[in-house]
Each structure stands twice: as structure tokens, then as C-alpha cells.
Amino acid sequence: MARLNDNYLKLKAGYLFPEIGRRVKVFSEANPEAKIIRLGIGDVTQPLAPAVLKAFHDGVDDLANTDDFKGYGPEQGYEFLIDALIEKAYKPLGVELKKSEIFVSDGSKCDCANILDIFALDNKVAICDPVYPVYNDTNVMVGRTGEADDKGYYEGLTYLACTEDNHFTPAIPDKKVDIVYLCYPNNPTGAVATREDLKKWVDYALANDAVIFFDAAYEAFITEPGIPHSIYEIEGAKRCAIEFRSFSKTAGFTGVRCALTVIPEELMAETANGEKSSLNKLWNRRQSTKFNGVSYPVQKAAAAVYSEEGWTQVKETIDYYMENARLIREGLEAAGLTVYGGVNAPYIWLKTPNGMSSWDFFDKLLSECHVVGTPGSGFGPSGEGFYRLSAFGGRENVLEAIDRIKKNLA
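Residues numbered from 1 in each chain as written. Predicted model: local features only at pLDDT ≥ 70, side-chain atom pairs only at ≥ 80, totals over all residues. Heavy atoms only, no water.

(A) Structural detail: the sheet that holds strand E15 (residues 386-390). Pairing is antiparallel across the open sheet formed by 4 strands, whose spatial order is E11-E12-E15-E14. What marks the edges here is a single partner per strand, and that holds for strand E11 (339-341) and strand E14 (374-375). Its contacts with the sheet put helix H9 (residues 308-334) on E11, strand E12 (347-351) and E15, and the angle it makes with E12 is roughly 10 degrees. Contacts between helix H10 (residues 358-369) and the sheet are confined to E12, E14 and E15, with E15 contributing the most and set at about 45 degrees to the helix. (Pairing = 2+ DSSP bridges. Helix = DSSP H or I, 4+ residues; strand = E, 2+ residues; numbered from the N terminus. Contact = heavy atoms within 4.5 Å. Axes fitted to C-alpha atoms, helices over the stretch in contact; angles between N-to-C directions.)

Here it is, written out as C-alpha cells:
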């Protein structure tokens, strides 16, 4: 009989969001008249920008005639999109990248998981706690960990606590690790890293021959000046960091699928016999073998995000979501709740009242307010006692949800 990958059996029952879906389904079936407002999963609700949609249509139209038809595209991405990213996304930050250093993909979630293909299992990995569950679970899936303890911490991973006491900013590890996951603006807490914060991590990585996996999926939502949008704004980061970015939240591509991973050519890792080897070349080899590239129309649409007209329209949608974040944040504070985030990120991280557990608060909010969020404990043990709300809803639903919460919880 075929053997399965036993590492999957180590995972806690149910991925966070399927469990949320299960509970909502049970409630809906028992209360069919209830109008449920979903502010849990970070899925967008506003349509694609007109300029982006036009480019998408144009890309499809190109496939209707022989002269412009496209079959297999380059696994790394079309040059027109890579050029747009270099000129419009990175150069304004003072970051110079080569075309060979950007890899277009169908999602940063996929890349954050797939990047593990090119790293040995005996690497010591550190992740923040609470954390985007994909970082934790994919390391379990590939076999890097032992079993989870009673709190949910997996043997073999180093967890960096992000709590109220440290302003949700993790301390530098007190021992050597080889890979560190950082996500800023942070999902789920909404915290951001200052230039000084990131400099400490880059210095640590360089001193310890470590690699930083930097998830910048929400960089477009930064509103305050002086907050870095890319790890590469920090001197030395090209020698120690891989950056992941996404069009999902920035441009509403959650269902369209487009992202990018940056691996600088000077970034190296060691072979088993101690020789230096290029991670850029290994990732290129991996992608060329396991990935056939993002579709041509999608990349045309993605490039249009960085056109003058496209970015103006995309920025309007980002501002719409950040206004939602402000309304949620201020509404929750008016209800007497302790709230974090929502200033440089589309997520609001609230402290559950009266010491209530995260899942108990989920059930209370669902049953009494008919509002769905995300229990903080689903992001890791240090998330217990907290709850995440997303600003990606429609304005009418956001206002109604806050009104319900204020009436029922104030």
C-alpha cells in the first residue's frame, strides 16, 4: 500500500479558515434569518480598477489572433511586468534590482511555502507568534518539526513572541537560527517595523549567515512616512533576504492570482560540503521545473497596476479599505475595546474583553452580532486573548458591523 506523508498528521485538526467556515455554516443553518457580516478572512470586495480591467481584456483579446497569441510564457514572468516592477515598485524606494532577480508567480502564499524546496530540512527556523499560519504549517508539512505540545508549539521551530509587552515586535533570537520569517506590515497584528527594527534583523542575519523570508504583501497599505516598504531599503539586505510581494490585496487579485518573489543574485547558502551556492539560481531551477508561469492576460493586468492611471485607481481602492480600517478601529475603541493595528495595515487586532478566549469571543460575536472575524489563537499561542478583524468589507457592511458590536458589546 502507498505510504502517505506522516508529517501532515502532525497538523492540528483543520486549517484556521476552514474551521471558521465550519462554525459559520453551523450557525447559518440554525439561524437562516441572520444576516452574517464577514470581516474575517482577508479577501477583497471591491472590483478591479478600470485601467487594470481594460488591460486584462486586452490580454485576452491578444489570444484571439495569430499575430499576438501567446502560449507558454517564461516561467520567471514576462519582461514587461518585471520592468514595471523594477521601475515603479522598487526604484522609487531607492532599490535597484536586476531583471533576473524578480520571479512572477501565482501567489505569495504559494511562494512562502514553495521556497522551502530549496532549503535543507536541518535548517533552524524562527517564526513570529502570532503568525500567518502558512509559515508554521508548511514547515510541519515538509518534515522540519516534531509534534506539537499542548500549547501548539512544534518541536524544532523557534517561536518569537509578539505581545502587548513588546508592542508586537519580536526580539532578536538569543540563539543562532538559519531562517527567519518576518511579515511587515504584519498579519495578523497590523504592526509595522521601523528602519531601525529591520536593521537589527539584517545585522543579525549577516552575522549568523541566516536568511530572512520577508513577506511584504501589505506594503501598499503603509500610510505613515518613514516606514520601510521593502527589506531591501536596508543596507546589506540583498545578501541575506528574500522578499515576497502580492497583487492580491494591493490590486484586488485574490481571485486573479499574481505575485512576485525577489531573490538577489548575491544571496548565497551553503551546500552540505560547505561551498557557497546561489539561491537565485536554485529558485530559477525550481520554478522552471515545477511551474509554468502566470497567464499572459493576468500579467498584462498586473503591469497596468503600475501605469499612471492604474496606480491612481488602485490607490483609491487602498484608501477605501484604510478608511474602513479607521472606522473599525475607532468604532471598537468607542465600544470600550483595546485595539491595535489599522493604521498601516488593513487588519485590526483587538484584545478580547474580560479575559475571554479567542474562540469564545468568536462565538459571541457570531451569535450576538452576526459578525465573523478571526480568533487570535488561530495564529499561534501568543494570539490567545486577541481577535482579528479585516477592513476588506464593503463600507455599508463595515458600518453595520461596527454598529452591531457597539450596541451588543459596549
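From this point, the narrative continues.
(B) Looking closely at helix H7 (residues 279-290). Between its first and last C-alpha, H7 extends 16 Å over 12 residues, near the 16 Å set by a 1.5 Å rise per residue. Residues of H7 that are buried include every one of Leu 279, Asn 280, Trp 283, Arg 286 and Gln 287, and no others. Viewed end-on, H7 has its buried residues packed into an arc of 125 degrees, placing them on one side of the element. Across H7 from its buried face, at more than 90 degrees, point the exposed residues Lys 281, Arg 285 and Thr 289. Taken together, the buried residues of H7 touch strand E2 (102-105), helix H4 (108-114), strand E6 (211-215), strand E8 (259-262), strand E9 (268-270) and strand E10 (276-278). The opening residue of H7 is Ser 278, an N-cap whose side-chain oxygen sits 3.3 Å from the backbone nitrogen of Asn 280. (Expected span 1.5 Å × (residues − 1). Buried < 20%, exposed > 50% of the residue type's maximum accessible area, 1.4 Å probe, protein only. Arc of directions from axis to C-beta. Polar contact = N/O pair within 3.5 Å; in protein donor to acceptor, adjacent residues only side chain to side chain.)

(C) Summary view of the environment of Phe 291. For Phe 291, the position within the fold is in the loop between H7 and helix H8 (296-305). Linking Phe 291 and Glu 75, residues 216 residues apart in sequence, is a C-alpha distance of 6.4 Å. Among all residues touching Phe 291, those that are not within four sequence positions of it are Glu 75, Val 104, Ser 105, Asp 106 and Arg 286.

(D) Broad picture of the pattern of salt bridges. Per the counting criterion, the structure on display carries 25 salt bridges. The salt bridge partner of Arg 23 is Asp 363, with a shortest N-O separation of 3.2 Å. Residue Arg 23 is found in helix H1 (residues 16-30), and its partner Asp 363 is found in helix H10; the two are separated by 340 residues along the sequence. Glu 87 is the salt-bridge partner of Lys 91, the closest N and O atoms lying 2.9 Å from each other. A relative accessible area of 34% means that Lys 91 is categorised as partly exposed. (Salt bridge = Lys/Arg side-chain N within 4 Å of Asp/Glu carboxyl O.)

(E) Structural context of the environment of Gly 40. Note on placement: Gly 40 falls in the loop between strand E1 (37-38) and helix H2 (50-62). Taking the C-alpha atoms as reference, Gly 40 lies 27 Å from Leu 157; in sequence the two are 117 residues apart. Setting aside chain neighbours within four positions, we find Gly 40 in contact with Val 372, Gly 373, Thr 374, Arg 388 and Ser 390.

(F) Fine view of the packing of aromatic side chains. Summed over the entire model, instances satisfying the criterion amount to 25 aromatic pairs. The interplanar angle of 90 degrees and the centroid separation of 6.1 Å between the aromatic rings of Phe 80 and Tyr 296 together place this pair among those described as edge-to-face. Separated by 216 residues along the polypeptide, Phe 80 in helix H3 (residues 79-90) and Tyr 296 in helix H8 bring together distant segments of the chain. The exposure class of Phe 80 is partly exposed, given its relative accessible area of 32%. Given a relative accessible area of 8%, Tyr 296 falls into the buried group. Ring centres 4.9 Å apart and planes at 75 degrees place the aromatic pair Tyr 321 and Phe 392 in the edge-to-face group. With Tyr 321 in helix H9 and Phe 392 in the loop between E15 and helix H11 (395-409), the pair connects residues that are 71 residues apart, well separated along the chain. In this structure Tyr 321 comes out as buried when scored by relative accessible area, which is 2%. (Phe/Tyr/Trp six-rings, centres within 6.5 Å; stacked < 30°, edge-to-face > 60°.)

(G) Representation of the layout of surface pockets. A volume near 550 Å³ is recorded for the second largest pocket. Lining the second largest pocket are 25 residues, with Asn 123, Asp 209, Met 268, Ala 269 and Glu 270 sitting closest to its centre. Broken down by secondary-structure element, the contributors of at least two residues to the lining of the second largest pocket are helix H6 (195-208), E9, E10 and H7. With 3 residues, E9 is the largest single contributor of residues to the lining of the second largest pocket. Classifying every residue of the lining of the second largest pocket by side-chain character gives 14 nonpolar, 3 polar and 8 charged. (1 Å grid on protein atoms, 1.4 Å probe; cavity = no way out; pocket = protein on both sides within 12 Å on 5 of 7 lines; lining within 4 Å. Points joined across faces, edges and corners; volume = space filled by probe spheres on them. Nonpolar A, V, L, I, M, F, W, Y, C, P; charged D, E, K, R; others polar.)

(H) Quick peek at the sheet that holds E2. On the basis of which strands lie adjacent, the open sheet formed by 7 strands has the order E2-E8-E7-E6-E5-E3-E4 and mixed pairing. Unpaired on one side and paired on the other, E2 and strand E4 (157-161) mark the two borders of the sheet. Direction aside, neighbouring strands of the sheet carry axes that sit 20 degrees apart on average. Where H7 meets the sheet, its contacts fall on E2, E6 and E8, and the angle it forms with E2 comes to roughly 25 degrees.

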